[in-house]
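Geometric and topological summary
Letter by letter, the chains look like this.
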Amino acid sequence: MAISLLLDIATELTPDRVILGRRDDGVTTTRLARLAAAGAATLAQQQAATLVFIGINGPAFPVVLFAGALAGVPVSPLNYRLATDALVSLIDRLDKPLIVADDVYAEPLRRRCRMVISTDEWLQMCVDSSPAEPAAVGDEDPAVLLFTSGTTSQPKLVVLRHQHLQAYVLGTVEPGTAHPNDAALVSVPPYHVAGVGTVLTNLLAGRRLLYLPNFTPHGWLSLVREESVTFAMVVPTMLSRIVDALGAGEATLPSIRTIAYGGARMPQPVLERALSLMPDVDFVNAYGLTETSSTIAVLGPEDHRNALASSDPAVRERLGSAGRFVPGVEAQIRTPGPGGAILPSGQKGELWVRGDQIAGEYAGLGSALDAEGWFPTKDLARIDDVGYLFIDGRSDDLIIKGGENIAPAEIEDVLLCHPDVAEVAVVGLPDQEWGERLTAVVVPTADSNPDVDELRAWVRDRLRSAKTPDTITFRSELPLTDTGKLLRRELVAELDVARQGAT
Amino acid sequence: MELRAGVRLRSQVSSTEAIVIRAPAGEVDITCGGHPMVAAAETPADGLMIDAADVGTALLGKRYSDQAGAIEVLVTKPGPGSLAVDSVVLEVKNVKPLPSSD
């Protein structure tokens, strides 16, 4: 069964509901199904083997996603902010692509690639063409191809098959249960796994999707008010800016009931401010990877409230946890490295997961699952004795100083609690004596002038001297992806250049 | 009848309609209210009555499956009458409702 089954179900349960766009002039479920079926006909005519989408988020993307599913052609949304050369190098890795791109991105690609059409042309073709009969699409056929963001290495192409996305969506969503007035505001781009997941889960629930292509806190708040948005998914950097705008006196948000966040680490001070500024809003932390078909663990609204209200440190710290695993996903913590032993609850190690939604496959590299179907997330984590998952960053990011493994996340979390620190990254730089030295790069809060010795003492008092940064430098911003992930590789390279330039 | 994912079915004895999510290969004897379900486009046979002993109903938006999970259908229009395969009643598949996360 293909993910287009989700569209079939939604067409049965909520046929006339506006499911995409604004209340007044949006697209109904039935209309979406027709556009997608016509798009599938176009794909068959062009004999495309991959459907590439290079554009901002908006109603065109769900049409692309389901057209591909109906035609049995995998869809590959690419990061539209990449330079043309970088886009072409990714496109070269895809089989016979038909490229649908927003005008501004389509123009430079036309000179370099075959079969490029603009998003507007594509939508017009979907309006004008006759719907195709759905192709025979199997569970095991690829549905979505996503390049990883490449924060630690070259981008890998993750293969998500229909069975993985179906398992995720049908395992976590009750079809047709959204209230007719519900609306979800999407601020994540189509090339992010959450941008794919949000189309599938909200459609199946019957919840209208609204898009904010270029996030600004003011734009987000305006759209929430104008369209009575009830649900929104944001990455931590967005929530931080929304909280700043709310704190600076922007009016309240009467319609919004749930804010989900994920995609990168959430600084605790930001979350605590968000909870206190929006006490009636349900907060949901979603943890997942591209390779796991989006969310595999959820920290729900009650978890947030219980943690915030608790004086028990074990409960309180759950505010910083990724929650508990969704149904159908199992987890193990293992000693890092090949053949690692399974560790008991509470101990830190590498997180391995298993379940029907876990794809764990890369084009050209094959499956990363072990013989028993376990996938190594490469995230450092522990799971407490009642099942709450705590993520400690990527194992690739571990700093090895004097033979000791140090997770930068722990130090970053402590520094973020200092009032003068807005953002921080801790990385390891080569050191003759210690192997690596701990280097903290701090973005100070507005109007603050933090002192290096004070910050070092702040860490030493809360952790210990081995985890105290050897060097602290200040910058006005950190290199982040559009979805708020730190580009550690880039930061280390910049610091390395600066260091060598200084000596 | 032979089923595959995406096939739409209707009851011959009530308003119930369903869409197939998962089905085994080959002939499947799926019934509602004691009578075979038919393709949604077909006209029900005349004069069929719901099995008097059948007090079940099919609930909107719910998924029904057998013990082994070999067959699964989702009810798109509710109505009286149990859904059954080979005379074994299908049970509602409970989804633990999760807060929306994306």
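**Thoughts on the overall build of chain B**
Counting secondary structure elements, chain B contains zero helices and 12 strands. Helices and strands in chain B line up, N terminus first, as β-β-β-β-β-β-β-β-β-β-β-β. A globule of 102 residues ought to have a C-alpha radius of gyration of about 13 Å, and chain B, at 13 Å, matches this closely. Long-range contacts, defined as pairs at least 24 residues apart, comprise 57% of the intrachain contacts of chain B with a sequence gap of at least 6.

**Things to note about the interface of chain A and chain B**
Each partner contributes residues to the interface: chain A has 29 residues there, and chain B has 16 residues. Those elements giving two or more residues to the side of chain A that touches chain B turn out to be helix 1 (4-13), helix 8 (193-205), strand 11 (231-234), strand 12 (258-262), strand 13 (282-289) and strand 14 (294-299) of chain A. Here the side of chain A that touches chain B takes five residues from helix 1 of chain A, the largest share from any one element. When the residues that make up the side of chain A that touches chain B are grouped by side-chain class, the tally is 15 nonpolar, 10 polar and four charged.

**Concerning the packing of helix 1 of chain A against helix 2 (residues 29-46) of chain A**
All names here are of chain A. One can describe the packing of helix 1 onto helix 2 by two numbers: an axis separation of 9 Å at closest approach and a directional angle of 145°. Crossing angle aside, the handedness with which helix 1 passes helix 2 is left-handed. Across the interface between the two elements, Leu-7, Ala-10 and Thr-11 of helix 1 pack against Thr-29, Thr-30, Leu-32, Ala-33 and Ala-36 of helix 2. Considered class by class, the residues forming the contact of helix 1 with helix 2 number five nonpolar, three polar and no charged.

**Quick notes on the sheet that holds strand 10 (residues 83-85) of chain B**
An order of 4-3-10-11 (chain B) is seen for the four strands of this open sheet, with the pairing classed as antiparallel. Edge positions in the sheet fall to strand 4 (35-36) and strand 11 (88-89) of chain B, since each of these pairs with one other strand and no more.

**A look at the nonpolar core**
Residues and elements named next belong to chain A. If you look at the biggest cluster of nonpolar residues, it comprises 177 residues, and the most contacted ones within it are Ala-36 and Leu-51. Top contributing element to this core by residue count: helix 3 (residues 60-71), with 10 residues. Residues within four places of Leu-51 in sequence aside, it is in contact with Leu-43, Val-64, Ala-67, Gly-68, Val-73, Val-75, Leu-98 and Val-100.

**Observations regarding the domain arrangement of chain A**
All names here are of chain A. Each assigned domain of chain A is listed with its residue range as follows: domain 1 (1-162), domain 2 (329-395) and domain 3 (398-502). On a C-alpha basis, the centres of domain 1 and domain 3 stand 40 Å from each other. Taken together, the four residues of domain 1 in the interface contact seven residues of domain 3. Residues that form the side of domain 1 that touches domain 3 fall into these classes: no nonpolar, three polar and one charged.

**Observations concerning helix 1 of chain A**
Burial of helix 1 of chain A is extensive: 10 of the 10 residues sit out of reach of the surface. Along helix 1 of chain A, the positions that sit buried rather than exposed are Ser4(A), Leu5(A), Leu6(A), Leu7(A), Asp8(A), Ile9(A), Ala10(A), Thr11(A), Glu12(A) and Leu13(A). Summarising the contacts, the buried residues of helix 1 of chain A are in contact with helix 2, helix 3, helix 7 (162-172) and helix 8 of chain A together with strand 2 (17-22) and strand 8 (72-77) of chain B.

**Overview of the environment of Glu140(A)**
Residue and element names in this part refer to chain A. When you line up the elements, Glu-140 lands in the loop between helix 6 (119-128) and strand 7 (142-147). For the pair Glu-140 and His-162, spaced 22 residues apart in sequence, the C-alpha to C-alpha distance is 6.3 Å. Discounting residues that sit within four places of it in the chain, Glu-140 has contacts with Arg-161 and Gln-163.

**Focus: the pairing of strand 12 of chain A**
Residues and elements named next belong to chain A. Where burial is concerned, most of strand 12 is hidden: five out of the five residues are buried. Residue alternation in strand 12 divides its side chains into two sets, Thr-258, Ala-260 and Gly-262 and Ile-259 and Tyr-261, and both sets are buried. The pairing of strand 11 with strand 12 spans four bridges and is classified as parallel. Each residue of the ladder has a partner; that of Val-234, found in strand 12, is Tyr-261. Here five bridges tie strand 12 to strand 13, and the two strands are oriented parallel to one another. Note that in strand 13 the partner of Gly-262 across the bridge is Ala-286.

**Things to note about the sheet that holds strand 21 (residues 389-394) of chain A**
Residue and element names in this part refer to chain A. Taken in spatial order, the four strands make up an open sheet running 16-17-20-21, and their pairing is antiparallel. On the outer flanks of this sheet lie strand 16 (329-334) and strand 21, each paired with one strand and no other. Strand after strand, the sheet turns through a mean of 45° between neighbouring axes, direction not considered. Examined bridge by bridge, strand 16 and strand 17 (residues 349-355) share six bridges and lie antiparallel to one another. Across the sheet, residue Val-329 finds its bridge partner in strand 17, namely Gly-355.

Reading the values: the criteria
- Residues numbered from 1 in each chain as written.
- Chains lettered and ligands numbered in written order.
- Predicted model: local features only at pLDDT ≥ 70, side-chain atom pairs only at ≥ 80, totals over all residues.
- Helix = DSSP H or I, 4+ residues; strand = E, 2+ residues; numbered from the N terminus.
- Rg over C-alpha atoms; globule rule 2.2 N^0.38 Å.
- Contact = placed C-beta atoms within 7 Å.
- Nonpolar A, V, L, I, M, F, W, Y, C, P; charged D, E, K, R; others polar.
- Axes fitted to C-alpha atoms, helices over the stretch in contact; angles between N-to-C directions.
- Left-handed = near helix turned anticlockwise from the far one by under 90°.
- Pairing = 2+ DSSP bridges.
- Core = buried A, V, L, I, M, F, W, Y, C linked by C-beta atoms within 7 Å.
- Buried ≥ 20, exposed ≤ 12 C-beta atoms within 10 Å, placed from the backbone.
- Domains from an automatic or database assignment.

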